[in-house]
Amino acid sequence: MHLSTKQDAADKPVSRRQWVQVLKRWNCRLHYYLGLYLLLFVWLFAFTGLLLNHSQWRFAEFWDSRRQTSDERDILAPPPGGDLAQARDLMRQLGIRGEIEWTTTRNDAALFQFRASRPGHIVEIKADLARNKATLKRIDLNAWGVVRILHTFTGVRMDDARNRRDWVLTSVWAWTMDAVAAGLILMVLSSYYMWYELPQKRRLGVIVLALGFLSSGLFCVGLRCFY
Amino acid sequence: MRDLHLYFGLFISPFVLVFAVSVFFLVHNWLPKAVPNPAGARSVSDLPLPANLDQLSGRERIDTLKPALDWAQVHGEVGWIQHLAKENRLVVPVTVPGRITTVTIDVAKREARIEEQSTGLASALVALHKSPGPHLVGLRMNWIYVRVWYWLADATVYLLLFSTLSGVYLWYLLRSARRIGIVLLAAGAVSLFSLVHALVH
């Protein structure tokens with residue numbers, strides 16, 4: 001009994017050390033494996049963020065070179081129902097896929113207007129349900145337009161409660177954005193642990209990290225206190 | 001290379017957190033409602049307004065209004081100014097991350113009514129994520145701090161790109177992790193391209 005207690009005491013630090021080693025190893029793995037999986041997603045969002053802030057860059061111009069076409073098509077008036085159900089019915093008849101966006105308030109039950117969009121393609125639909133006709137105005141963008149829209153394609157807008165995500169692929173893309181953001185947060189946290197495990201780099205690391213936190217904190221909180 | 005990866009990564013990490021955390025608010029449209037200043041609106045008179053204010057527009061008008069805004073002790077990035085011609089009033093939105101101030105200027109009386117709304121930390125993160133953004137190119141960055149943020153946001157992207165490239169190099173040196181790494185890199189590429197393909201086509 002006495003011997004066994006002594007043995008337990010001797011085992012404890014060993015098992016703790018082992019546990020720390022396992023944590024270290026898995027933290028490293030998490031950092032580079034997650035980083036590798038997210039690499040292209042991070043490049044996409046980082047690069048398109050740069051494009052959004054530099055709309056003057058001519059090489060990435062997409063709006064002036066858009067292709068527009070108009071077309072009138074026969075439709076069958078959708079059965080009575082909500083706007084979303086009617087819009088989906090019309091899109092099915094017209095062979096259009098995408099996120100529905102309400103552009104105007106519907107005042108006349110016979111006239112129905114909305115926009116269906118997906119990265120690189122926007123279709124304005126004006127349906128005259130009394131005449132069973134729909135006018136389609138289609139805008140197709142180049143590859144720069146596609147990548148730029150991917151950055152902001154969430155199906156929702158701040159201060160606009162009417163527009164909600166209604167296309168399954170928009171939801172999938174929104175979850176992807178969440179996952180990339182969560183992955184980046186995990187990578188940052190794992191990098192802090194990896195850095196903390198390097199005692200000789202701690203001092204300079206603290207200075208650099210403090211500089212980063214102070215400068216970003218100035219913008220997040222400081223400016224509103226100073227001004 | 002290892003040291004540069006570490007220190008550049010540590011410096012940009014708080015900025016990466018700002019951009020990553022704000023994604024959840026932007027994607028899900030979650031923002032707490034703005035809270036008006038409990039002290040209520042305040043008024044300022046004797047504003048130093050130029051005589052030709054009604055002939056100005058765009059960035060020129062913002063630059064001309066800056067002394068009046070300083071006089072009213074309102075600082076921040078000026079947004080799109082609404083001109084109510086009939087009433088000869090200007091409605092000037094001024095933003096600091098986490099706060100929106102609406103300054104309504106009565107041009108004839110040289111008076112202003114100032115209403116402040118606190119929008120909170122989440123809104124500050126969202127404002128910074130979207131700042132300066134692609135809109136109002138001629139008007140934006142009229143406050144020095146927004147210009148500084150623009151440089152910092154760019155620097156974050158460039159340093160993030162450097163960190164990812166140096167990270168790939170450092171991973172490639174680890175022979176034991178190479179095979180799984182290549183599989184994950186390929187899996188990431190396949191997921192991204194199939195998603196984008198499904199969205200676009």
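Since the model is a prediction, treat every value here as computed from it, not as a measurement.

What counts as what
- Residues numbered from 1 in each chain as written.
- Chains lettered and ligands numbered in written order.
- Predicted model: local features only at pLDDT ≥ 70, side-chain atom pairs only at ≥ 80, totals over all residues.
- Domains from an automatic or database assignment.
- pLDDT = per-residue confidence, 0-100.
- Helix = DSSP H or I, 4+ residues; strand = E, 2+ residues; numbered from the N terminus.
- Pairing = 2+ DSSP bridges.
- Axes fitted to C-alpha atoms, helices over the stretch in contact; angles between N-to-C directions.
- Expected span 1.5 Å × (residues − 1).
- Buried ≥ 20, exposed ≤ 12 C-beta atoms within 10 Å, placed from the backbone.
- Core = buried A, V, L, I, M, F, W, Y, C linked by C-beta atoms within 7 Å.
- Contact = placed C-beta atoms within 7 Å.

A.B. asks: Describe the domain arrangement of chain B, and please don't skip the residues or the numbers.
C.D. replies: Here chain B is partitioned into domain 1 (2-29 + 149-200) and domain 2 (35-118). For domain 1 of chain B versus domain 2 of chain B, the separation of C-alpha centres amounts to 41 Å.

A.B. asks: Talk me through the confidence of the model for chain A; I want residue IDs and the actual numbers.
C.D. replies: Here chain A shows a mean pLDDT of 89. Residues at 70 or above account for 94%. No element of chain A has a lower mean pLDDT than helix α1 (residues 2-53) of chain A, at 83, and none a higher one than helix α4 (residues 168-196) of chain A, at 95.

A.B. asks: Tell me about the sheet that holds strand β1 (residues 67-74) of chain A, and please be specific about residues and values.
C.D. replies: All names here are of chain A. In spatial order, the strands read β1-β5-β4-β3-β2; together these 5 strands make up an open sheet with antiparallel pairing. The sheet is open, and its two edges are formed by β1 and β2 (99-101), each paired on a single side. The mean inter-strand angle of the sheet, taken between neighbouring strand axes irrespective of direction, is 20°.

A.B. asks: Break down helix α4 (residues 144-173) of chain B for me, with residues and values.
C.D. replies: Taking 1.5 Å as the rise per residue, α4(B) with 30 residues should run 44 Å; its terminal C-alpha atoms sit 43 Å apart, in good agreement. Where α4(B) is concerned, the buried positions are B:Tyr145, B:Val146, B:Trp149, B:Ala153, B:Thr156, B:Val157, B:Leu160, B:Ser163, B:Thr164 and B:Gly167.

A.B. asks: Can you break down the nonpolar core residue by residue, with the values?
C.D. replies: B:Val16, B:Val18, B:Ala20 and B:Leu128 are the most contacted members of the largest nonpolar core, which has 44 residues in total. Every element with two or more residues in this core is listed here: α1, α4 and α5 (202-226) of chain A together with α1 (2-28), α3 (120-130), α4 and α5 (178-200) of chain B. In terms of residue count, α1(B) provides more of this core than any other element does, 12 residues in total. The contacts of B:Ala20, once residues within four sequence positions are left out, are A:Ala181, A:Leu184 and A:Ile185. Counting 15 residues, the second largest nonpolar core, distinct from the first, contains B:Leu49, B:Leu69, B:Val78 and B:Val103.

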